[in-house]
Amino acid sequence: MKITAVRAWIEQLPLTKPYTIAYNTCSHAEIVFLEITLENGMTGIGSANPFEEVVGETPALSFANLQSVQVLDLLKGKDIRSFQQLIREADKLFPHLPGTLAAIDIALHDAFCTWLGIPVLSFYGQQQQALLTSVTIGIKPAEEMLEEAKAYHAQGFRILKIKTGLDVDADIERVTLLHQAFGKKMKIRVDANQGYDSTALKKFLGNTRSLALELIEQPLPSGQEAALLAFLDTDRKQLVADESLLDAATAIRLAQLPQPFGVFNIKLMKCGGILGARNIATIAEPAAIGLFWGCNDESIVSISAALHVAYSCPHTRYIDLDGSFDLSKDLVSGGFMLKEGYLHTLQQPGLGLKRLD
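Report follows, based on the coordinates.

**Some words on the pairing of strand E7 (residues 187-191)**
Buried residues dominate E7, accounting for four of its five residues. Note that the unit made of strand E6 (residues 159-163), helix H8 (residues 168-182) and E7 has a crossover that is right-handed. Sheet analysis places E7 next to strand E8 (residues 215-217), joined by three bridges and oriented parallel. In the strand pairing of E8, arginine 189 is matched with leucine 215. Traced from E7 through helix H9 (residues 198-208) to E8, the parallel crossover comes out right-handed.

Structural data, given as structure tokens:
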């Protein structure tokens, strides 16, 4: 079954709730889409929204790449049954451009499994049942944070992820207040987005130890992983590699003993899609490193792809796949079902997506 058409486009989608993290304020999502059409009329769709601050690629660059002659020559006329080889060839064409690769990877997976008539998850084999996803609260005053947490609890969410990293004292106060109000109702995760130094991290850990925080993402800047080795093993088990973890090469380095992180945050926008994510997962498993699946502000397309690959890995422990919840609109529906905070895949071919007119 040959690929007969390839089309890319870009959308700028405002967020319903702009938010602040340690190094940026986000008010909209610029998302690139890629659609592949097969000779029988079936389609596959991929999407990408890479963060330039993390991977050095913008959505605009992804869009330019996906419109290029190289992508058309790579895909058009090729047999969809060779989709994994096509992804590997794309990786050679666009090295260190994970947004470009993710859109190609996801679209090919969706097209192939749609043609085969099975979910992407079934192709790789389901290893996990539905997990609770966290929802994210950006850096904001404590009163606003508590109101937002209250609203999320009413919607059925049971895990909160709080952005920190600008002011450690304010962070301690905000997380403590949140624990006092919701600690018996909701688990709390923290994401510092590289905002601390070792002194601030030590202070944060010492003042929040009694709160039983579930996880702390990327407390120190990428490149300072060695400084984490001065912390207790029990503390490092709670730390999650995010900006420090880009691809299989960085996963191999971070998996070496002594390990600075106990958990890997895998994002398709950092590693280039499903195949890249599975490479990282393969490295993490024998190193006894748990998997945390995260995202940027993304379409249901790539969030669904992340969910399928997450549930195909036996050592997946956490998901934070809320990236499509705050988009003002999307170009697809379906993909997954949210029920009482749990994310369920749909038992439909490919990623279970439906294009919206």
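**What to know about the sheet that holds strand E12 (residues 316-319)**
Hydrogen bonds between backbone groups are what pair the strands of a sheet, and the pairing can be parallel or antiparallel. With parallel pairing, eight strands are arranged side by side in an open sheet as E5-E6-E7-E8-E9-E10-E11-E12. Only two strands of the sheet have a single neighbouring strand rather than two, namely strand E5 (135-137) and E12. For this sheet the average axis-to-axis angle between neighbouring strands, irrespective of direction, equals 30°.

**Overview of the nonpolar core**
One finds Leu108, Phe264 and Trp293 to be the most contacted residues of the largest nonpolar core, which totals 111 residues. Sorting elements by how many residues they give to this core places helix H5 (residues 98-116) first, with 10 residues. Those residues within four positions of tryptophan 293 in sequence are excluded, and the remaining contacts are Asn265, Ile266, Ala277, Ala306, Val309, Ala310, Cys313, Thr316, Tyr318, Ile319, Asp320 and Leu321.

**Things to note about the packing of helix H2 (residues 59-66) against H5**
Axis separation between H2 and H5 bottoms out at 8 Å; the angle between their running directions is 55°. One finds that H2 runs oblique with respect to H5. Pair H2 / H5 crosses with right-handed handedness. Along its contact with H2, which presents Ser62, Asn65 and Leu66, the element H5 presents Gly99, Thr100, Ala103 and Ile104. Broken down by class, the residue content of the contact of H2 with H5 amounts to three nonpolar, four polar and no charged.

**Considerations on the sheet that holds strand E15 (residues 342-345)**
Spatially, three strands are ordered E4-E15-E14 in an open sheet, and the strand pairing comes out antiparallel. Edge positions in the open sheet fall to strand E4 (131-132) and strand E14 (336-339), since each of these has one partner strand only. Bridge count for E4 against E15 is two bridges, and the pairing is antiparallel. Among the inter-strand pairings, leucine 132 is bridged to a residue of E15, identified as tyrosine 342.

**Brief notes about the environment of aspartate 73**
Relative to the elements of secondary structure, aspartate 73 occurs in helix H3 (residues 69-75). Its relative accessible area of 51% is what places aspartate 73 among the exposed residues. Spatially, the C-alpha atom of aspartate 73 lies 20 Å from that of aspartate 110, the residues being 37 residues apart in sequence.

**Some points on the packing of aromatic side chains**
What the rule picks out here adds up to 10 aromatic pairs. Look at phenylalanine 83 and phenylalanine 112: their rings are 4.4 Å apart centre to centre, the planes differ by 20°, and that puts the pair in the stacked class. Here phenylalanine 112 lies in helix H5 and phenylalanine 83 lies in helix H4 (residues 83-93), a separation of 29 residues in the sequence. Residue phenylalanine 112 is classed as buried on the basis of its relative accessible area, which comes to 8%. With 5.8 Å between their ring centres and 90° between their planes, tyrosine 152 and phenylalanine 157 make a pair best called edge-to-face.

**Describing the packing of helix H7 (residues 142-154) against H8**
Between H7 and H8, whose axes approach to 10 Å, the crossing angle comes to 35°. The handedness of the crossing between H7 and H8 comes out as right-handed. Along its contact with H7, which presents Ala142, Met145, Leu146, Ala149, Lys150 and His153, the element H8 presents Arg174, Leu177, Leu178, Ala181 and Phe182. Of the residues in the contact of H7 with H8, the class split is eight nonpolar, one polar and two charged.

**With respect to the pattern of salt bridges**
Summed over the entire model, instances satisfying the criterion amount to 16 salt bridges. A salt bridge links aspartate 235 to arginine 209, with the nearest nitrogen and oxygen atoms 2.7 Å apart. Of this pair, aspartate 235 sits in helix H11 (residues 233-237) while arginine 209 sits in the loop between H9 and E8, and the two are 26 residues apart along the sequence. Exposure remark for aspartate 235: the relative accessible area of 5% places this residue in the buried category. A single salt-bridge network, built from bridges that share partners, covers Lys161, Lys163, Asp191, Glu217 and Asp320.

The rules we used
Position numbers for residues count from 1 along each chain, tracking the sequence in the order it is written. At least 70 in pLDDT is required for a residue's local features to be given in this predicted model, at least 80 for side-chain atom pairs to be given and counted, and no such filter applies to totals for whole chains, interfaces and linings, which use all residues. Hydrogens and water are ignored here; the side-chain numbers use all heavy atoms of the structure. Exposed residues in this analysis have more than 50% of their type's maximum accessible area, buried residues have under 20%, and partly exposed residues fall in between, with area computed by a 1.4 Å probe over protein chains only. Only DSSP runs of H or I reaching four residues or more are called helices, and only runs of E reaching two or more are called strands; each is numbered from the N terminus. The crossover handedness rule: strands pointing away from the viewer, path from first strand over the helix to second strand clockwise, crossover right-handed. DSSP-based pairing: two strands are paired if at least 2 bridges between them are found. To define axes, lines are fitted to C-alpha atoms, for helices over the stretch in contact only, and angles between the resulting N-to-C directions are given on a 0 to 180 degree scale. To define a nonpolar core, start from buried Ala, Val, Leu, Ile, Met, Phe, Trp, Tyr and Cys residues and group those joined through side-chain atoms within 4.5 Å. Should any heavy atoms of two residues lie within 4.5 Å, those residues are counted as being in contact. Any angle that falls under 35 degrees is termed roughly parallel, while one over 145 is termed roughly antiparallel, one within 65 to 115 roughly perpendicular, and all others oblique. Left-handed describes a crossing whose near helix is turned anticlockwise from the far helix through less than a right angle; right-handed describes the clockwise counterpart. Only Asp, Glu, Lys and Arg are considered charged, only Ala, Val, Leu, Ile, Met, Phe, Trp, Tyr, Cys and Pro nonpolar, and every remaining residue, Gly among them, polar. In this analysis, rings of Phe, Tyr and Trp, with Trp reduced to its six-membered ring, are considered paired at centre separations within 6.5 Å, and the interplanar angle assigns stacked below 30 degrees, edge-to-face beyond 60, and tilted for intermediate values. What makes a salt bridge here is a side-chain nitrogen of Lys or Arg within 4 Å of a carboxyl oxygen of Asp or Glu, nothing more.

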